[in-house]
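Listed below, chain by chain, are the residues.
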Amino acid sequence: SVLAAYGGNGGPAGPLGYPLSDLSPGLTQLFENGALAGSPVQLVSGAILARWRALGLESGVLGPPVAALQSVLTFTGNLVATHRFANGLLVQY
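Here is a short report on the structure shown in this document. Values in this document were obtained by computation on a predicted structure and should not be read as measured data.

Thresholds, definitions, all that
- Residues numbered from 1 in each chain as written.
- Predicted model: local features only at pLDDT ≥ 70, side-chain atom pairs only at ≥ 80, totals over all residues.
- Heavy atoms only, no water.
- Helix = DSSP H or I, 4+ residues; strand = E, 2+ residues; numbered from the N terminus.
- Polar contact = N/O pair within 3.5 Å; in protein donor to acceptor, adjacent residues only side chain to side chain.
- Contact = heavy atoms within 4.5 Å.
- Buried < 20%, exposed > 50% of the residue type's maximum accessible area, 1.4 Å probe, protein only.
- Pairing = 2+ DSSP bridges.
- Axes fitted to C-alpha atoms, helices over the stretch in contact; angles between N-to-C directions.

Focus on the side chain of threonine 28
Argument step 1. By the element assignment, threonine 28 lies in the loop between helix H1 (2-8) and strand E1 (29-31).
Argument step 2. One polar contact links threonine 28 to glutamate 58, side chain to side chain, over a distance of 2.5 Å.
Argument step 3. Not counting residues within four places of it along the chain, the set of residues in contact with threonine 28 comprises Asp22, Leu23, Ala35, Leu36, Ala37, Trp52 and Glu58.

Set out below in structure tokens:
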């Protein structure tokens, strides 16, 4: 499923670029510009990926991603990005 998602994102010519690692036992694969992980497979990138990596990726406290990146309008009118993981949520302001 990771290979299918990689192909669906354009493969090496797409926004993810080339793979940087083999598929981990937890089904995460890192690329030049992001990661594919979870079941169903989700794209994780940018500052959210950096924080998720710092927390141990799928074997860390947050676990694997369970939903796609979403934009959310806060009650103060700010647009933020949120990414849900099995055990928590990361928010990028």
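Thoughts on the side chain of glutamine 29
Argument step 1. With respect to the element layout, glutamine 29 can be found in strand E1.
Argument step 2. For glutamine 29, the residues in contact, after removing those within four places along its chain, are Val2, Pro19, Ser21, Asp22, Leu23, Gly34, Ala35 and Leu36.

Quick notes on the environment of glutamine 92
Argument step 1. Looking at where glutamine 92 falls in the secondary structure, it is placed in strand E6 (residues 88-92).
Argument step 2. We classify glutamine 92 as partly exposed; its relative accessible area is 34%.
Argument step 3. Separated by 90 residues in the primary sequence, glutamine 92 and valine 2 place their C-alpha atoms 25 Å from one another.
Argument step 4. Among residues more than four places away in sequence, those in contact with glutamine 92 are Ala47, Ile48, Val80 and Ala81.

Digging into the sheet that holds E6
Argument step 1. Read across the sheet, three strands follow the order E4-E5-E6 without closing on themselves; strand pairing throughout is antiparallel. The sheet is open, and its two borders are formed by strand E4 (70-73) and E6, each paired with just one other strand. For this sheet the average axis-to-axis angle between neighbouring strands, irrespective of direction, equals 35°.
Argument step 2. In the sheet, strand E5 (residues 79-85) pairs with E6 via five bridges, with the strands oriented antiparallel.

Things to note about unusual backbone geometry
Argument step 1. Of note, the amide linkage connecting serine 39 to proline 40 takes the cis form, showing an omega dihedral of 5°.
Argument step 2. Structurally, proline 40 is set in the loop between strand E2 (34-37) and strand E3 (42-44).

Let's talk about the sheet that holds E3
Argument step 1. Sheet architecture is open: three strands sit in the order E1-E2-E3, paired in antiparallel fashion. Strands with a single pairing partner mark the edges of an open sheet, and in this sheet they are E1 and E3. Each strand of the sheet is rotated relative to its neighbour by a mean of 25°, with strand direction disregarded.
Argument step 2. With three bridges joining them, E1 and E2 adopt antiparallel strand pairing. Paired with glutamine 29 across the bridge in E2 is leucine 36.

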